[in-house]
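So the chains spell out like this:
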Amino acid sequence: MVALTKNFNNIIKVSIRQKQVNFYKKATGNNVLPPERQYWTLSHIQDISPESEINWLYNNGFLEKSQFVGVDNDEEKILINKINHPEAKWVSGDILQAVWNYENFNPGIFYFDTISSIENQQTIALTRKLMSPCPIENVFFANFVMRNYRRNIYYTENALIKSLFNTNYLRSRWEFCGSCEYIGEKVPMKTFAFFRVK
Ligand SMILES: C[S@@+](CC[C@H](N)C(=O)[O-])C[C@H]1O[C@@H](n2cnc3c(N)ncnc32)[C@H](O)[C@@H]1O
């Protein structure tokens, strides 16, 4: 078993995890992740503490570890995660390639846990590409830094939604469920939740 100190298991992240599960339950009416559905996330290191993403979800009875799919383009992190949680699925590589190459891609939750700015058009485009293959009744979460300190701009939720859903077709497929604000690495961030409708 390997546990490293650098992680995202602080009180803020745990409160976000709880909010995400609440969003999911409200949007779908499911109290747990159905067995045929997966939980996708950018993993970083998932250590063996109760606050790690995978342990928190498992200990709260929300999923089985075999439903957890962790992707990271840092191979070392994936190797550590495989040792810590051999029951889960671990993919080393780029998130979009992982989605495209995964057999039976069927997420109930997809958590695009980046630390990117709302101004980063590449990340917005990638978010769109990741949302596109998500099945009906998927709840998609994405984080964005909403502030540009240099230019003293604070972006609204609407700015993100407008930039993300650049066609009526895309907008019609996703329902905006809400957002929650938190401080990540000293920067104010927002996690957005979207529900894939029929
Ligand atoms: C914020 S951390 C994830 C934290 C984790 N979800 C948690 O709650 O504990 C983001 C991780 O995504 C990885 N990453 C960033 N961009 C990626 C990409 N395009 N494909 C795969 N992994 C990526 C980084 O290496 C980093 O470890």
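Further up the page is the structure itself.
Bear in mind that the values here come from a model prediction, so they are computed numbers and not experimental data. (Residues numbered from 1 in each chain as written. Predicted model: local features only at pLDDT ≥ 70, side-chain atom pairs only at ≥ 80, totals over all residues.)

Draft legend 1. Summary view of the sheet that holds strand β2 (residues 68-72). Strand order across the open sheet formed by 7 strands is β3-β2-β1-β4-β5-β9-β8, with mixed pairing between neighbours. Of all strands in the sheet, those bounded by a partner on one side alone are β3 (89-92) and β8 (174-184). Each adjacent strand pair in this sheet contributes to an overall mean axis angle of 15°, direction not counted. Bridge count between strand β4 (residues 107-112) and strand β5 (residues 139-145): 4 bridges; the pairing is parallel. Looking at β5, one finds that Phe112 is bridged to Ala142. Along the sheet face, helix α1 (residues 11-28) touches β4, β5, β8 and β9 (187-196) and points at about 170° away from the line of β8. Sheet strands in contact with helix α5 (residues 121-131) are β4, β5 and β8, and its direction is about 170° off that of β4. (Pairing = 2+ DSSP bridges. Helix = DSSP H or I, 4+ residues; strand = E, 2+ residues; numbered from the N terminus. Axes fitted to C-alpha atoms, helices over the stretch in contact; angles between N-to-C directions. Contact = placed C-beta atoms within 7 Å.)

Draft legend 2. Quick peek at α1. Between its first and last C-alpha atoms α1 spans 26 Å; for 18 residues at 1.5 Å apiece the expected length is 26 Å, and the two agree. Among all positions in α1, only Ile16, Arg17, Gln20, Val21, Phe23 and Tyr24 are buried. Taken end-on, α1 shows its buried residues confined to a sector of 155°, consistent with a single buried face. Residues of α1 that are exposed and angled more than 90 degrees away from the buried face: Ile11 and Ser15. In this fold, the buried residues of α1 make contact with α2 (53-59), β4, β5, β8 and β9. In the segment just after α1, Gly29 is the residue with positive phi, at about 80°. (Expected span 1.5 Å × (residues − 1). Buried ≥ 20, exposed ≤ 12 C-beta atoms within 10 Å, placed from the backbone. Arc of directions from axis to C-beta.)

Draft legend 3. Spatial organisation of the environment of Thr127. One can find Thr127 in helix α5. For the pair Thr127 and Leu164, spaced 37 residues apart in sequence, the C-alpha separation works out to 7.7 Å. Every residue in contact with Thr127, bar those within four places of it in the chain, is listed here: Phe112, Ala142 and Leu164.

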